[in-house]
Amino acid sequence: MLGLKQIKKIAVKQQNKPVLITDDFSFGWTDYKVLVESNLVNLLKNEYLNTDTTRVIIMSENSWKLFILYSCLVTSKVAYSGIDYTMNDEKKIACIKQSGANTVFCSEDNKPSDVMLASLPNIKFINLDIIKEDTIDDDTDVFGLVKQLNHSDDVLSFSFTSGTTGLPKCIYRKSSFDKRRLGIFTNKYEITSDDIYLVTMPFYHVSVNGWAKLTLVNGGTVVFGDFSNANDLYYKITNYNVTSMLITPPVLQRLVPVLQKNNYQNTSVHFIMVGGKNFPTILKEQAIELFGPVINEYYGSSETGINTLADSQDMSKYPAASGQFMEGSKLIILDDKGNVLPSNSIGRIAIQSFQCADGYMGKKMAEITFDGERYVITSDYGYLNAEGYIFVTQRVLFDDNDIENNLFSLENRIRMIRNVEDLVIIQDENNYYTINVKISKESTSMMVKIIVDAINGVLASSQDSFNLNIVNNINYSLSGKVKYNEFLNSK
């Protein structure tokens, strides 16, 4: 998010042009400056932030108050991170303890439970409602107060992994890569002050902050969408002349039928970035057909940033790929002994990038040195073809999986069967597949046989065994990750 100095600079030019549009409250750039100044004075004078503040955690759904708070924290140079407010208490407590934060801001709907309060007696919990729309008539020197705060921390920023297979891990960075990456993306995707960016994910996820900031640094407008309601997203896209968005495959999959039903014609969107999980090939085709050649995909992890990029032309050339290295990033593929594999060999993906995190708090980060450079080892398997396109094949769930299997390729094949709405595949330690498929309500028993026959056809050469489960739903985290733990725990 932007700090006050940057907001003031942009406000001089953009003035009352909208910076944030929400269902509850919207404001322009000049008001953005005033709101941050006023609320920051309140936070500092009333010592919600003081010299004892270490780091900050936020538990809140998207709101204009959250937007303002983030800018206040950036201006104060206090490291902060949102966490998934839908997690259970155990995970929330673990995140707060890992982070080293001693201050938690929470919305009214996400106040700490009695269990959390008892487990975290030294944490200061603050209701987000202290962020006010009414500004204070105060000529206080805001930057003077910030200077008195004198906050110092060797950790510049931190965030969390999704925690869909266990407890989230806390990632930290000691330096910023924002200026370099924002410059690359501004030029590559032609982002300007005319851009209107639709938020389709919760702000607790670090990627949402990054893509929203790309719009903000260029003086554009951010619109909050209800990512649980595809009709709301359709309304916002068409009525606010949305030009850009970051969206996860599960949300895009819910949006596509609504657009098709309404005979949507794209008149404004010039840039869509998709990421967060496997982007099914059939969904790529549907999205390009609806929006035109404005669909882009990235691959990377919370630990490594954004590392490969694919545009619509790349998707047509290699539908199952996630693009080629972006500027400043390199990928290698490792075998189980840490040796670098040649092209078209499946192994563990490792990434070298200016965006790589410095480490986990309280836990060693998997990494390797290759050609004198540090590579972070990700939780994904995949391969590089001879042209340098990355094909992600599966996510690590067990350390001793047979890495030769391409689960995402199998998933893409099954998704092409009529009436298959969603699926997730779990491969256990013995290379036994549990294939969980959600099918449409009008499907018959014959449809199940068709799916079984298709899976048998794909697995015939390997003779791997599988079990097919027809499920009512496949749940995702708000950041678009499959909640694998639900399937692992049900085994």
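Check the entry above for the structure.
Model, not experiment: these values are computed from the prediction. Residue indices follow the written sequence of each chain, beginning from 1 at its first position. In view of the model being predicted, local features appear only for residues whose pLDDT reaches at least 70, and side-chain atom pairs are presented and counted only at 80 or more, with totals across whole chains, interfaces and linings using the full set of residues. Each side-chain value is worked out from all heavy atoms of the structure, with water and hydrogens disregarded.

### Section: the overall build of the protein chain
What counts here: In this text, helices come from DSSP runs of H or I with a minimum length of four residues, and strands from runs of E with a minimum of two, each type numbered from the N-terminal end. Computation of the radius of gyration draws on C-alpha atoms, with the globule rule given as 2.2 Å multiplied by the number of residues to the power 0.38. For the exposure calls, accessible area comes from a 1.4 Å probe over protein chains only, and a residue counts as buried if that area is under 20% of its type's maximum, exposed if over 50%, partly exposed in between. In this analysis, two residues are considered to be in contact whenever any of their non-hydrogen atoms come within 4.5 Å of each other. Only the protein chains shown count as covering a residue, and every accessible area follows the Shrake-Rupley method with a 1.4 Å probe.
A count of helices and strands for the protein chain gives 15 helices and 24 strands. Against the globule reference of 23 Å for 491 residues, the protein chain gives a C-alpha radius of gyration of 23 Å, in line with a compact fold. In terms of overall dimensions, the protein chain has C-alpha extents of about 75 × 50 × 45 Å along its principal axes. Per-residue burial over the protein chain gives 57% buried out of 491 residues. Relative to all contacts within the protein chain whose residues are 6 or more apart in sequence, the contacts with residues 24 or more apart total 67%. For the protein chain, the accessible area works out to roughly 21,500 Å², and carbon and sulfur atoms hold 45% of it.

### Some points on helix α6 (residues 142–149)
Heads up, the condition is: The arc refers to the directions leading from the helix axis to the C-beta atoms. Any N or O atom pair separated by 3.5 Å or less is treated as a polar contact, with the protein-specific requirement of one donor-capable and one acceptor-capable atom, and with residues adjacent in sequence counted only for side-chain atom pairs.
Buried within α6 are the following residues: V142, L145, V146 and L149. Considered in projection along α6, the buried side chains sweep an arc of 100 degrees and stay on one side of the axis. Within α6, the exposed residues directed more than 90 degrees away from the buried face are K147 and Q148. Buried residues in α6 make contact with α1 (4–14), α2 (29–45) and α3 (64–76). The residue sitting at the N-terminus of α6 and contributing the capping side-chain oxygen is D141; that oxygen lies 3.3 Å from the backbone nitrogen of F143. Backbone geometry just downstream of α6 places N150 in the positive-phi region, at approximately 50 degrees.

### Points about the pairing of strand β23 (residues 433–439)
Where we set the bar: Between any two strands, pairing holds if DSSP finds at least two bridges.
Of all 7 residues in β23, 6 are buried; the element is thus mostly enclosed. Sheet topology places strand β22 (residues 420–427) next to β23; 7 bridges connect them, and they run antiparallel. Bridging from a neighbouring strand, V420 pairs with I439 of β23. Two strands pair when backbone bridges link them, and β23 and strand β24 (residues 466–470) are joined in this way by 5 bridges, in the parallel orientation. Bridge pairing links V437 to I470 in β24.

### Concerning the side chain of Q352
Looking at the element boundaries, Q352 is found in strand β17 (residues 347–353). Residue class for Q352 comes out buried when judged on its relative accessible area of 16%. Setting aside residues up to four positions removed in sequence, Q352 forms contacts with G328, S329, K330, E373, R374 and Y375.

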